[in-house]
Amino acid sequence: MLNRDEDILRAAEDWHKTGHGVALATVVETWGSAPRPVGSNLVINDEGTFLGSVSGGCVEGAVVTEALDVITSGQPKMLEFGVADETAWNVGLSCGGTIRVFVEKVG
Amino acid sequence: MQLATLAELNAERAARRPAILVTDVASGEQRLVKAAAIGTDPLSNELTTHLRMGKSGMVEAAGKRLFLNVYAPTARLVIIGAVHISQALAPIAKSLGYDVTVIDPRTAFASPERFPDVPLIAEWPDVALPPLNVDHYTAFVALTHDPKIDDPALLHAFARDCFYIGALGSRKTHAKRGDRLRAQGASDADIARIHAPIGLAIGAVSPSEIAVSIMAQITATLRLPAKEKEQAA
């Protein structure tokens, strides 16, 4: 069974309550063919455990890495991923679109 | 996101009330607008439009770029009739993320053996439906072929403004159903809301194929803009 948005945000709250650092990543803009719609959420805790999806698997690894930084710094970040692997993150979307992902700390 | 905001958002979602999270993506500043407060919000127009479309997106306001994340309740599917089609329909709907409930007062039909892993209520619709709080985010299908069970259920679905209402039966059966429902106070607009014969015309034969056609029609109703919806129907 796929995790639903409710489960994802509930997990974020539960992780925080049990003392974890938590970050929330949200797809805020898409261009062209994007695997997950605007508004999709991914939550990440300080152990690198994550739930949800911002790209159906294409860039989650990079988002998790950035999220760990956000948990440490507390500063939100805007990440952009395109099909051309020229982005700083060295990953791309196989489907040819571009997405912008907002990553913020919870709490 | 503040923990308090997250907890509030989770509470709204648990209560099946829509809410919109407004984020200034430059500063990270954020506020949660609950459904009841949208009318008085400075961004009222934008929020209303986005909620109606069920669509999240970026807007510009007072020189700021704001991201509106629309959190609408999880769609539900209420199935009247624990029949063969329902046995195929329930798991398909579950796999699409719907919360599914099956209602049938006939206990021989509504048996857990026939419906493993699906909430099953072996009661008449007038008893089973009120506690479910059927709402706009609910798809409603009447599949028993029995007016005693389907008709009161459909009247309930009209009153609760379900986004999709479908009923099994030929055009002839449906015409008779329309007469019966009108006699019980339903309007022509109510009757027009019923998808009957139910499902998209995909030449479905088996109960499983009919279930696919129903679920496809529900998806089209949920997702397509009005004009394309007419073409699909």
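Above: the structure in question.
The structure displayed is predicted, hence computed values, not measured ones.

*Asks:* Explain the overall build of chain A here, please?
*Replies:* Scanning chain A for helices and strands turns up 2 helices and 5 strands. N-terminal to C-terminal, the α/β element order of chain A is α-β-β-β-α-β-β. Residues classed as buried in chain A amount to 44% of the 107 residues present. For chain A, the proportion of contacts with a sequence separation of at least 24, taken over those separated by at least 6, is 50%.

*Asks:* What exactly am I supposed to notice about the overall build of chain B here?
*Replies:* Each helix and strand counted, chain B has 9 helices and 10 strands in total. Dimensions of chain B along its principal axes, counting C-alpha atoms only, are 60 × 35 × 35 Å. Expressed as a percentage of its 233 residues, the buried residues of chain B come to 49%. By sequence separation, contacts in chain B at least 24 residues apart represent 57% of the contacts at least 6 residues apart. Only carbon and sulfur atoms are counted for the fraction: they give 56% of the accessible area of chain B, which is about 11100 Å². If you average the places of the 25 positive and of the 24 negative side-chain charges in chain B, the two averages end up 3 Å apart.

*Asks:* Help me understand the interface of chain A and chain B in this model?
*Replies:* For an interface, size is often stated in terms of accessible area lost upon the parts coming together. If you look at the interface, chain A gives 25 residues, while chain B gives 26 residues. Between chain A and chain B lies a buried interface of about 2000 Å² when both sides are counted; carbon and sulfur atoms form 56% of it. Between the two partners, chain A and chain B, sit 1 salt bridge. Residues Glu-29 of chain A and Arg-65 of chain B are paired through a salt bridge, measuring 3.0 Å at the closest nitrogen-oxygen approach. When contributions to the side of chain A that touches chain B are tallied by element, the ones reaching two or more residues are helix H1 (5-17), strand E1 (22-31) and strand E5 (98-106) of chain A. Each residue belonging to the side of chain A that touches chain B can be placed in one class, and the counts come to 11 nonpolar, 5 polar and 9 charged.

*Asks:* Looking at this model, I keep getting lost on the nonpolar core. Mind explaining?
*Replies:* Considering soluble globular proteins, one finds that nonpolar side chains tend to be buried as a cluster. Residues and elements named next belong to chain B. Ranked by size, the top nonpolar core spans 28 residues in total, and within it Leu-77, Val-141, Leu-143, Ile-214 and Ile-218 carry the most contacts. Only strand E5 (76-80), helix H3 (84-95), strand E6 (99-103), strand E8 (138-142) and helix H8 (207-223) provide two or more residues apiece to this core. Not counting residues up to four positions away in its chain, the partners in contact with Leu-77 are Leu-89, Ala-93, Tyr-98, Asp-99, Val-100, Thr-101, Ala-139, Phe-140, Val-141, Met-215 and Ile-218.

*Asks:* Looking at this structure, I do not really get the sheet that holds strand E4 (residues 77-81) of chain A. What am I missing?
*Replies:* In sheet architecture, strand pairing relies on hydrogen bonds along the backbone and comes in two forms, parallel and antiparallel. Residue and element names in this part refer to chain A. One open sheet holds the 5 strands; their spatial order is E3-E2-E1-E5-E4, and the pairing between them is antiparallel. Each edge of the open sheet is held by one strand with a lone partner, namely strand E3 (50-52) and E4. Going from strand to strand, the sheet's axes swing by 20 degrees on average, the running direction of each strand aside. Relative to E5, E4 runs antiparallel, the two sharing 5 bridges. Looking at E5, one finds that Leu-79 is bridged to Val-101. On top of the sheet, H1 reaches E1, strand E2 (41-45), E3 and E5; it is set at about 20 degrees to E2, its chief contact.

Criteria and thresholds
Residues numbered from 1 in each chain as written. Chains lettered and ligands numbered in written order. Predicted model: local features only at pLDDT ≥ 70, side-chain atom pairs only at ≥ 80, totals over all residues. Heavy atoms only, no water. Helix = DSSP H or I, 4+ residues; strand = E, 2+ residues; numbered from the N terminus. Buried < 20%, exposed > 50% of the residue type's maximum accessible area, 1.4 Å probe, protein only. Contact = heavy atoms within 4.5 Å. Areas by Shrake-Rupley, 256 points an atom, 1.4 Å probe, with all protein chains shown as cover. Lys, Arg positive; Asp, Glu negative; His and termini not counted. Charge placed at Lys NZ, Arg CZ, Asp CG, Glu CD. Buried area = accessible area lost by both parts, 1.4 Å probe. Salt bridge = Lys/Arg side-chain N within 4 Å of Asp/Glu carboxyl O. Nonpolar A, V, L, I, M, F, W, Y, C, P; charged D, E, K, R; others polar. Core = buried A, V, L, I, M, F, W, Y, C linked by side-chain atoms within 4.5 Å. Pairing = 2+ DSSP bridges. Axes fitted to C-alpha atoms, helices over the stretch in contact; angles between N-to-C directions.

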